[in-house]
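# Residue-level structural notes
Residues per chain are reported as follows:
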Amino acid sequence: TINHHMMAAQVRCAIRCRSINCLSTNARRRSLTSAAASTTMAAPPSLAGFVDTHTHLDLIMKRMKTPTTTDANAWYTSFKSALPKEQMFEKAITVGCSVDTFDAVENFIQNQDDVYGAFGIHPLNAADWSDETEARIKSIFERNPAKAVAWGECGLDYHYCDEPEEKSKQRDVFVRQLDIAAELGLPLVVHTREAEEDTLALMSEHLPRDQRIHVHCFTSSVSMAKSLLDLFPTNLCIGFTGVITFKNASGVRDVVAEVPLDRILLETDGPYMAPTPFRGKVAHPGHVYYVAQKVSEVKGAPLEEVLATCRANTTRVYGI
């Protein structure tokens, strides 16, 4: 227990240092690093840059058959240079959510100026959780105070979970990560699927109402979205992926229509769920542009407004 308190204090110190250094770091990075994926119509020059707020670059790397860290960094540099500059891709947050992914994700954030990281344990990897795992994640934040920006993804996923013992384990691991994020003042990345009631109950019990939260890859109901927004009225945002472009995803588009624009984050969850017209291909950060286009269409709002507002939302939640 003493060691946990000492480590928590060290991580809090590192986070405070990050917030102090963030202004000067951001100033150096104001110029946009690249552009987004190709599109059939040219983007207006006034478009704000966009951030893929949730992707898995290590898994994209594997899908593209670049298994070594050297190849991964070369791939990312080449990937950015190939994106159309008019679409204004700016940054990505890549997520390590199992013990097997931490090293690869840390490599990305240490070697790419425009890549930031989130670290935690996914509910389907709840068996990975231990005191050692907790200490390892905290050490990543200590080593990377400016680039490790959030805890997660963590949460509840009952889709493949039938046994009561498995659900109980997921809840225990989620609660511990909720408590850590609140204690350290870190933004929290939440994954929830077919577990709405338990997710709401645990978040309500363990998080302050001003906690910075990204409920990512949202595919739940309108009522779930409204409950989350009401429960955390200032700093919770809901993330939408390429799913909202799918023909059979009218229910998710209904959620997009109901969620205020200033509470939306743009993401891909790459390599999964590439948006139309790229179904069946590897999703990557450049595809965020197509998610933004669909949000614009559903809300009847100019694309420029969608990108600018979602970029501001990203800063509010993640500090980048």
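Scope of this entry: the structure provided in the associated data block. (Residues numbered from 1 in each chain as written. Predicted model: local features only at pLDDT ≥ 70, side-chain atom pairs only at ≥ 80, totals over all residues. Heavy atoms only, no water.)

## As for the overall build of the chain
Within the chain one finds 11 helices and eight strands. Of all intrachain contacts in the chain linking residues separated by at least 6 positions in sequence, the fraction that spans at least 24 positions is 75%. For the chain, the exposed area adds up to about 13300 Å²; of that, 52% sits on carbon and sulfur atoms. (Helix = DSSP H or I, 4+ residues; strand = E, 2+ residues; numbered from the N terminus. Contact = heavy atoms within 4.5 Å. Areas by Shrake-Rupley, 256 points an atom, 1.4 Å probe, with all protein chains shown as cover.)

## Side note on the sheet that holds strand β8 (residues 264-266)
Within the open sheet, the eight strands sit side by side as β1-β2-β3-β4-β5-β6-β7-β8. Their pairing is parallel. Both edges of this open sheet fall to β1 (50-55) and β8, since each of them pairs with a single strand only. Within this sheet the neighbouring strands show an average axis-to-axis angle of 30°, counted without direction. Looking at chain direction, strand β4 (residues 148-157) and strand β5 (residues 188-193) are connected through five bridges and run parallel. Within β5, the position partnered with Asp157 by the bridge is Arg193. Helix α6 (residues 164-184) rests against β4 and β5 of the sheet, and its axis sits at about 155° to β4. In this fold helix α11 (residues 303-318) packs onto β1, β2 (89-96), β4, β5, β6 (213-215), β7 (236-240) and β8, with an angle of close to 100° to the strand it touches most, β8. (Pairing = 2+ DSSP bridges. Axes fitted to C-alpha atoms, helices over the stretch in contact; angles between N-to-C directions.)

## A closer look at the packing of aromatic side chains
Counting across every chain of the model gives 12 aromatic pairs. Consider the rings of Phe141 and Trp151, whose centres lie 5.6 Å apart with planes at 0°: the pair is stacked. Here Phe141 is found in helix α5 (residues 131-143), whereas its partner Trp151 is found in strand β4, with 10 residues between them in sequence. A relative accessible area of 0% means that Trp151 is categorised as buried. (Phe/Tyr/Trp six-rings, centres within 6.5 Å; stacked < 30°, edge-to-face > 60°. Buried < 20%, exposed > 50% of the residue type's maximum accessible area, 1.4 Å probe, protein only.)

## Regarding the layout of surface pockets
One number sums up the size of the largest pocket: a volume of about 510 Å³. Lining the largest pocket we find 22 residues, and of these His122, Glu153, His191, Asp269 and Tyr272 sit closest to its centre. Class assignment of the residues belonging to the lining of the largest pocket gives a composition of eight nonpolar, nine polar and five charged. (1 Å grid on protein atoms, 1.4 Å probe; cavity = no way out; pocket = protein on both sides within 12 Å on 5 of 7 lines; lining within 4 Å. Points joined across faces, edges and corners; volume = space filled by probe spheres on them. Nonpolar A, V, L, I, M, F, W, Y, C, P; charged D, E, K, R; others polar.)

## Some details on the pattern of salt bridges
One pass over the full model with this rule turns up 10 salt bridges. Glu134 is paired through a salt bridge with Lys138; the nearest N and O atoms lie 2.9 Å apart. Here Glu134 pairs with Lys138, and both are found in helix α5, just four residues apart, close to one helical turn. As far as the burial class goes, Glu134 and Lys138 line up, both buried. One connected set of salt bridges, linked through shared partners, spans Glu134, Lys138 and Arg176. (Salt bridge = Lys/Arg side-chain N within 4 Å of Asp/Glu carboxyl O.)

## Regarding helix α9 (residues 250-258)
Residues of α9 that are buried: Val252, Arg253, Val255 and Val256. Looking down the long axis of α9, one finds its buried residues gathered within 150° of arc, a one-sided arrangement. (Arc of directions from axis to C-beta.)

## Thoughts on the side chain of His56
Secondary-structure assignment places His56 in the loop between β1 and α2 (57-63). Its relative accessible area of 4% is what places His56 among the buried residues. Polar side-chain contacts of His56 include one of 3.2 Å to the backbone oxygen of Val95. If we ignore the near neighbours within four places in the chain, the residues touching His56 are Thr94, Val95, Cys97, Glu153, Asp269, Gly270, Pro271 and Tyr272. (Polar contact = N/O pair within 3.5 Å; in protein donor to acceptor, adjacent residues only side chain to side chain.)

## Thoughts on empty space enclosed by the protein
Counting across every chain of the model gives one cavity of 30 Å³ or more. In this model, the largest cavity occupies a volume close to 40 Å³. Grouping the amino acids of the lining of the largest cavity by side-chain chemistry returns five nonpolar, two polar and one charged.

## Remarks on the pairing of β1
In terms of burial, β1 is a largely internal element, six of the six residues being buried. Pairing of β1 with β2 involves four bridges; the strand directions are parallel. Counterpart to Phe50 in the pairing with β2 is Phe89.

## Let's talk about the environment of Arg143
Summarising the element assignment, Arg143 is placed in helix α5. C-alpha of Arg143 to C-alpha of Glu106: the two residues are 37 residues apart in sequence and 9.6 Å apart in space. There is a polar contact of 2.9 Å between the side chain of Arg143 and the side chain of Glu106.

## Side note on unusual backbone geometry
With an omega dihedral of 15°, the bond running from Gly270 to Pro271 counts as a cis peptide bond. Among the secondary structure elements, Pro271 is positioned in the loop between β8 and α10 (288-299). The step from Thr276 to Pro277 runs through a cis peptide bond, and the omega angle for that step is 15°. Within the secondary structure, Pro277 is located in the loop between β8 and α10. Although it is not a glycine, Cys217 sits at a positive phi angle of roughly 45°. Mapping Cys217 onto the fold places it in the loop between β6 and α8 (222-231). Even without being glycine, Met273 reaches a positive phi, approximately 60°. Considering the arrangement of structural elements, one finds Met273 in the loop between β8 and α10.

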